[in-house]
Amino acid sequence: MISLIANLILPFLILFIILYGLLKRKEMYDPFLKGAADGFRIVAEVAPTLIALFFAIQIFRSSGALDLLVRILSPAANFLQIPTEVLPVIFAKLFSSSAATGFLLDIFKNSGPDSAAGFLSSIILSSTETCFYIMSVYYSSVHIRKTRYTLFGALVATFAGITASIVLCRFFYF
């Protein structure tokens, strides 16, 4: 039943908009074209920032800098009883949710989804945000260059999400 409703929502919404325009005798096609043109303009403005961000992420991964960072922070992770496999998920999530999901799938493949690393990584992905990605997309689309306290606040919120994830995992899993 739910899948039937889900499949009918979009056609119903389109039909509703068309009927609304007809009943109110409003022009619907020109605003649609204007909105589509604005969408393409925004994509064209944001695309260079996204390409640069994804390029930087790939360089970070390919150069071995992520592995080095994980090796440096492994003693602290071991002291806090955090599986070291989770560290790449934490760092990747700051930049790209899809990269973090890729690391999560590697954890699922190697350790299993019910492992401590899989459980903690899943909660971290649900409790944190892609700070740098969001900031680059939103700020570049409205041409903001000075972010003031946004990055600090986003990193504090991410740290709080990671801390809450660890506490939850210790309470429910470890």
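Quick summary incoming for the structure in this document.

Cut-off values and rules
Residues numbered from 1 in each chain as written. Predicted model: local features only at pLDDT ≥ 70, side-chain atom pairs only at ≥ 80, totals over all residues. Heavy atoms only, no water. Salt bridge = Lys/Arg side-chain N within 4 Å of Asp/Glu carboxyl O. Helix = DSSP H or I, 4+ residues; strand = E, 2+ residues; numbered from the N terminus. Buried < 20%, exposed > 50% of the residue type's maximum accessible area, 1.4 Å probe, protein only. Expected span 1.5 Å × (residues − 1). Bend = angle between axes of the 7 residues up to and from the residue. Contact = heavy atoms within 4.5 Å. 1 Å grid on protein atoms, 1.4 Å probe; cavity = no way out; pocket = protein on both sides within 12 Å on 5 of 7 lines; lining within 4 Å. Points joined across faces, edges and corners; volume = space filled by probe spheres on them. Nonpolar A, V, L, I, M, F, W, Y, C, P; charged D, E, K, R; others polar. Phe/Tyr/Trp six-rings, centres within 6.5 Å; stacked < 30°, edge-to-face > 60°.

Side note on the pattern of salt bridges
Summed over all chains, the structure comprises two salt bridges. Between lysine 34 and aspartate 38 there is a salt bridge whose closest N-O contact spans 3.3 Å. Placement of both lysine 34 and aspartate 38 in helix H2 (residues 29-62) is noted, with a separation of four residues, approximately one turn of the helix. We classify aspartate 38 as partly exposed; its relative accessible area is 28%.

Here's the deal with H2
Between the first and last C-alpha of H2 there are 47 Å, a value that for 34 residues agrees with the 50 Å anticipated at 1.5 Å per step. Residue valine 46 marks the point of greatest curvature in H2, where the axis turns by about 35 degrees; the proline proline 48 follows within four residues. Looking at H2, one finds that the buried residues are Val46, Leu50, Leu53 and Ile57. Once H2 finishes, glycine 64 follows within two positions and takes phi at roughly 90 degrees, a positive value.

Some remarks on the environment of leucine 120
Looking at the secondary structure, you find leucine 120 in helix H6 (residues 116-127). Sequence spacing of leucine 120 and valine 167 is 47 residues, and the spatial spacing of their C-alpha atoms is 9.7 Å. Filtering out sequence-adjacent residues up to four positions away, leucine 120 remains in contact with Ile82, Pro83, Val86, Ser165, Ile166 and Cys169.

A look at the layout of surface pockets
In this approach a probe as big as a water molecule rolls over the atoms, and the regions it shows empty are the leftover space. By volume, the largest pocket is sized at about 390 Å³. Contributing to the lining of the largest pocket are 17 residues, with Leu80, Ile82, Ile90, Phe159 and Ile162 lying nearest its centre. Put simply, the parts of the chain that give the lining of the largest pocket at least two residues each are helix H3 (65-79), helix H4 (87-95) and helix H8 (150-172). Classifying every residue of the lining of the largest pocket gives 14 nonpolar, two polar and one charged.

Some points on the packing of aromatic side chains
Applying the stated criterion across every chain yields a total of three aromatic pairs. Between phenylalanine 95 and phenylalanine 132, the aromatic rings sit 4.7 Å apart at their centres with planes inclined by 15 degrees, giving stacked as the arrangement. Of this pair, phenylalanine 95 sits in helix H4 while phenylalanine 132 sits in helix H7 (residues 131-141), placing them 37 residues apart in sequence. A relative accessible area of 28% places phenylalanine 95 in the partly exposed class. Residue classification places phenylalanine 132 among the partly exposed positions, given a relative accessible area of 26%.

The values are spatial; any link to function lies outside them.
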